[in-house]
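If you want the building blocks of each chain, they are given just below.
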Amino acid sequence: LTQAKAQMDGVSKEKNHLEKALYITKTACEDLGTERAPLEKTIQHHKDKSTDLLKKLEVSQIETDALQRMIEVHDEKVRAKDSEIRSLRGTIRKLGRKLQSIEGAFVDLAGTDDKILKNHVKKAYQRFVKGEER
C-alpha cells in the first residue's frame, strides 16, 4: 500500500508537471498566434506595395522607351535641319560671290560716274527683284 501510495504520489507529481508544461505550451502558442497576425498583415502590406512598385516600374519603363524613341526622332530631325542649314549656307556663299561679281560688273559699266552706276542699279533692281522687263 505504501508503495502504491508512493507510486500515486509520483504519478500525481508527473501529472501536475505535465499539466504545467501543457499550460506553458498552450500559452506560448497563443502568444505566437497573437504575434503572428500583425506580422502576416505586415507581410501582405509589403507584398501589395512591391506589386504596386513593379507596376509603376513597368509604366516608367514604357514611358522611358517612348521618350527614347521621341529623342531619336528629334535627333534625326536635328541632323536633317543641320544638313539643310549647311546647304543653305553654301547657297548663301554662292549668291554672295555672284553678287560681288554683279557689283564688279556694275562698277566696270559705270566707270567712275555715280549717276550711271545708280541708273544701272535701278534697272537691275526693276529687272531682277520686281521682275519688270524693259
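See the structure printed just above.
In this report, the structure presented in the accompanying data block is examined. (Residues numbered from 1 in each chain as written. Predicted model: local features only at pLDDT ≥ 70, side-chain atom pairs only at ≥ 80, totals over all residues. Heavy atoms only, no water.)

Turning our eyes to something else, we now look at the overall build of the chain. In terms of regular secondary structure, the chain is built from two helices and zero strands. Taken against the 2.2 N^0.38 rule, which gives 14 Å for 134 residues, the C-alpha radius of gyration of the chain at 51 Å runs more than 25% over that of a compact globule. Accessible area for the chain stands at about 12800 Å²; split by element, carbon and sulfur atoms hold 59% of it. The averaged location of the 23 negative side-chain charges in the chain is 8 Å from the averaged location of its 28 positive side-chain charges. (Helix = DSSP H or I, 4+ residues; strand = E, 2+ residues; numbered from the N terminus. Rg over C-alpha atoms; globule rule 2.2 N^0.38 Å. Areas by Shrake-Rupley, 256 points an atom, 1.4 Å probe, with all protein chains shown as cover. Lys, Arg positive; Asp, Glu negative; His and termini not counted. Charge placed at Lys NZ, Arg CZ, Asp CG, Glu CD.)

Summed over the entire model, instances satisfying the criterion amount to four salt bridges. Among the salt bridges present, the one from Arg86 reaches Asp82, with a minimum N-O distance of 2.5 Å. Residue Arg86 and its partner Asp82 are both found in helix 1 (residues 2-110); the two are separated by four residues, about one turn of the helix. Its relative accessible area of 48% is what places Arg86 among the partly exposed residues. (Salt bridge = Lys/Arg side-chain N within 4 Å of Asp/Glu carboxyl O. Buried < 20%, exposed > 50% of the residue type's maximum accessible area, 1.4 Å probe, protein only.)

All right, on to the layout of surface pockets then. In this structure, the second largest pocket encloses a volume near 180 Å³. What lines the second largest pocket is Leu99, Ile102, Glu103, Phe106, Val121, Ala124, Tyr125 and Phe128. For the lining of the second largest pocket, the secondary-structure elements that each account for two or more residues are helix 1 and helix 2 (114-129). (1 Å grid on protein atoms, 1.4 Å probe; cavity = no way out; pocket = protein on both sides within 12 Å on 5 of 7 lines; lining within 4 Å. Points joined across faces, edges and corners; volume = space filled by probe spheres on them.)

Bear in mind that shape data such as this cannot, by itself, settle questions of function.
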